Amino acid sequence: MIVPAGAVELRPPRLRDGGAWSSIRLRDRGHLERWEPSSPERWEERNGVLAWPSQYGALRRMGRQGTALPFVIAVNGEFVGQLTIGNVIRGALCSAWVGYWVASTRVGGGVASAAVALAVDHAFHAAGLHRLEATVRPDNGPSLRVLEKVGFRREGLYRRYLNVEGGWHDHLCLAVTVEDLPRGAVHALVTQGRARLA
Ligand code: ACO
């Protein structure tokens, strides 16, 4: 899918992504940390290159078990971020959450919108899910804009939902179901003139 930033693809993570993953995340602490769940481990430890094999192993394991669909976001073949569909629940819910990040040097060119649209279509068709949810801090303007461009609607406010930067923060809940996008999320972005097919 082509957007102003280049050709955006989702692909499975690889063991050899560690170098790119770590160098972006160590550099981009200021861009990423305030939107991600708190952790007792230091940023440098959990994002150092030595942390990748266990992160990669956990993502792969969840992928194999069917509880998550982990992706790397690539632009013109280069690693620029991650998108994960997590907490996949089947049965009468057929639901999951989606979360993502893009390197600070690659923002503003439609990368996250394209990645989320590709993920939504994959989740609803190849993976057979019915609903995707995203929780976002109300002050995360770029992320809210991404979700709204792709077709997510606001469903409510979760009070003191997630521990971020050491404190409990409210999060908006946005969601989309398969019925909301009869021709798919990629089609919606293309129709808005925001992307074209490769
Ligand atoms: N307020 C509102 N909108 C804004 C702001 C702002 N302060 N700054 C930028 N925008 C708009 C842009 O103009 C653009 O909209 P437009 O196309 O209508 O002009 C939109 O936000 C960004 O769209 P993309 O270019 O598709 O997104 P991008 O590739 O820049 O990535 C992202 C956005 C993922 C939020 C990136 O900034 C990032 O990684 N941030 C840090 C991590 C993060 O916040 N991740 C999301 C957590 S929430 C979740 O995962 C559900």
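An unreviewed UniProt entry lists the protein chain under the name Ribosomal-protein-alanine N-acetyltransferase, with Actinoalloteichus caeruleus DSM 43889 as the source organism. Taken verbatim from the UniProt record of the protein chain, the Sequence similarities (unreviewed entry) comment is "Belongs to the acetyltransferase family. RimJ subfamily."

Chemist: I tried to follow the site of the ligand on my own but got confused; where do I start?
Modeler: Gly108, Gly110, Ser113, Asn140 and Lys149 are the nearest of the 26 residues found near the ligand. One of the backbone N or O atoms of Ala112 is found 3.0 Å from an oxygen atom in the ligand. Protein contacts shield 73% of the accessible area of the ligand, which totals 1000 Å² for the unbound molecule. Elements represented by at least two residues in the shell around the ligand include exactly α2 (29-32), β5 (95-102), α5 (111-124), β6 (131-136) and α6 (141-150). The greatest single-element share of the shell around the ligand, amounting to six residues, is contributed by α6. Class assignment of the residues belonging to the shell around the ligand gives a composition of 13 nonpolar, ten polar and three charged.

Chemist: I'm lost on helix α4 (residues 52-65) in this one. Help?
Modeler: Because an α-helix packs 3.6 residues into every turn, residues spaced three or four apart end up facing the same way. Taking 1.5 Å of rise per residue, the 14 residues of α4 would be expected to cover 20 Å, and the 20 Å separating its terminal C-alpha atoms lies within 8% of that figure. Along α4, the residues that are buried comprise Trp52, Tyr56 and Leu59. Projection of α4 onto a plane perpendicular to its axis shows the buried side chains occupying an angular sector of 65 degrees, all on one side. Set apart from the buried face of α4 by more than 90 degrees, the exposed residues are Ser54, Arg64 and Gln65. Taken together, the buried residues of α4 touch α1 (18-27), β3 (69-75) and β4 (78-89). Just downstream of α4 lies Gly66, where phi reads positive at about 85 degrees.

Chemist: So what exactly am I meant to see when it comes to unusual backbone geometry here?
Modeler: As a rule of thumb, non-glycine residues mostly have phi less than zero, and peptide bonds are mostly trans rather than cis. Not every positive phi belongs to a glycine, and Asn76 is a case in point at roughly 50 degrees. Given a relative accessible area of 55%, Asn76 falls into the exposed group. A positive phi angle, near 45 degrees, is found at Arg160, a position not held by glycine. Take Arg160: it is sitting in strand β7 (residues 153-164).

Criteria and cut-off values
Position numbers for residues start from 1 in each chain and track the written sequence from start to end. With pLDDT at 70 or above as the cut-off, local features in this predicted model cover only qualifying residues; side-chain atom pairs require 80 or more to be listed or tallied, and sums for whole chains, interfaces and linings still use all residues. As a rule here, side-chain values come from all non-hydrogen atoms in the structure, and water together with hydrogens is ignored. UniProt positions are given in the numbering used here, feature names are shortened, and annotations may be inferred rather than shown by experiment. The near set for a molecule or strand comprises every residue that places at least one heavy atom within 4 Å of it. Definition of a polar contact: a pair of N or O atoms within 3.5 Å, with one able to donate and the other able to accept a hydrogen when the atoms are protein atoms, and with sequence-neighbouring residues admitted only if both atoms are side-chain atoms. For the area figures, the Shrake-Rupley method with a 1.4 Å probe applies, and any residue is considered shielded solely by the protein chains shown. Numbered from the N terminus, helices here are DSSP runs of H or I no shorter than four residues, and strands are runs of E no shorter than two. Throughout, the ten residues Ala, Val, Leu, Ile, Met, Phe, Trp, Tyr, Cys and Pro are labelled nonpolar, Asp, Glu, Lys and Arg are labelled charged, and all others, Gly among them, are labelled polar. By this rule, a helix spans an expected 1.5 Å times one less than how many residues it contains. Burial classes: relative accessible area under 20% of the type maximum marks a residue as buried, over 50% as exposed, and values in between as partly exposed (1.4 Å probe, protein chains only). Our arc is simply the arc of the directions from the helix axis toward the C-beta atoms. Contacts: residue pairs with any heavy atoms within 4.5 Å of one another.

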